[in-house]
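# What the coordinates show
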Amino acid sequence: MSAHTTVAQLLEEARQAIHQAVAADNGTDRQRSAAHHAQSLANTILLNPATTTAQRDRAGYYLEEALGIQTLTTH
């Protein structure tokens, strides 16, 4: 996290990445990439000691969503 990026900004970026992953076709590289990005952002938020409880809860939700999306296949 850069010195100028806030937790709120990271949460918004994670939300957008989740939306991109949901919009992509299941099992595609685009979907996995967006979900992985959301996962990375959520982990960054969860490890930040300045994160509030509400932000931590939201990041946990995004992390669960990202992990679930990454398990989707094209079957």
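This one's a predicted model, so the numbers in the text were calculated from it and none came from an experiment.

Scoring rules and cut-offs
Residues numbered from 1 in each chain as written. Predicted model: local features only at pLDDT ≥ 70, side-chain atom pairs only at ≥ 80, totals over all residues. Heavy atoms only, no water. Phe/Tyr/Trp six-rings, centres within 6.5 Å; stacked < 30°, edge-to-face > 60°. Buried < 20%, exposed > 50% of the residue type's maximum accessible area, 1.4 Å probe, protein only. Helix = DSSP H or I, 4+ residues; strand = E, 2+ residues; numbered from the N terminus. Polar contact = N/O pair within 3.5 Å; in protein donor to acceptor, adjacent residues only side chain to side chain. Contact = heavy atoms within 4.5 Å. Salt bridge = Lys/Arg side-chain N within 4 Å of Asp/Glu carboxyl O. Axes fitted to C-alpha atoms, helices over the stretch in contact; angles between N-to-C directions. Parallel < 35°, antiparallel > 145°, perpendicular 65-115°, else oblique. Left-handed = near helix turned anticlockwise from the far one by under 90°. Core = buried A, V, L, I, M, F, W, Y, C linked by side-chain atoms within 4.5 Å.

### Some thoughts on the packing of aromatic side chains
Taken as a whole, this structure holds one aromatic pair when the rule is applied. Judged by centre distance (5.8 Å) and plane angle (55°), the rings of tyrosine 61 and tyrosine 62 are tilted. For tyrosine 62, a relative accessible area of 8% corresponds to the buried category.

### Quick word on the side chain of glutamine 55
Note that glutamine 55 resides in helix α3 (residues 53-70). With a relative accessible area of 19%, glutamine 55 lands in the buried category. Within polar-contact distance, the side chain of glutamine 55 engages the backbone nitrogen of threonine 52 at 3.0 Å. In contact with glutamine 55, other than residues within four places in its own chain, are Val7, Ala8, Leu11, Ile45 and Ala50.

### Quick look at the pattern of salt bridges
According to the stated counting rule, one finds two salt bridges in the structure shown. Glutamate 12 is the salt-bridge partner of arginine 15, the closest N and O atoms lying 2.6 Å from each other. Of this pair, arginine 15 and glutamate 12 both sit in helix α1 (residues 7-23), three residues apart, which is roughly one turn of that helix. With a relative accessible area of 31%, glutamate 12 lands in the partly exposed category.

### Quick look at the environment of glutamate 64
Within the secondary structure, glutamate 64 is located in helix α3. On the basis of relative accessible area, glutamate 64 is assigned to the exposed category, the value being 60%. Separated by 26 residues in the primary sequence, glutamate 64 and alanine 38 have C-alpha atoms spaced 9.9 Å apart.

### Quick look at the packing of α1 against helix α2 (residues 29-47)
Where α1 contacts α2, the axes come no closer than 8 Å and their chain directions differ by 160°. When the interaxial angle is binned, α1 and α2 end up roughly antiparallel. Seen from above, α1 lies across α2 with left-handed handedness. Two secondary-structure elements touch here, α1 through Val7, Leu10, Leu11, Glu13, Ala14, Ala17, Ile18, Gln20, Ala21 and Ala23 and α2 through Arg30, Gln31, Ala34, Ala35, His37, Ala38, Leu41, Thr44 and Ile45.

### Here's the deal with the nonpolar core
Within the largest apolar cluster, 18 residues are counted, with the highest numbers of intra-cluster contacts made by Leu11, Ile18, Ala21, Ala38, Ile45, Tyr62 and Ile69. Listing elements by their share of this core, those giving two or more residues are α1, α2 and α3. Those residues in contact with alanine 21 that sit more than four places away from it in its chain are Gln31, Ala34, Ala35 and Ile69.

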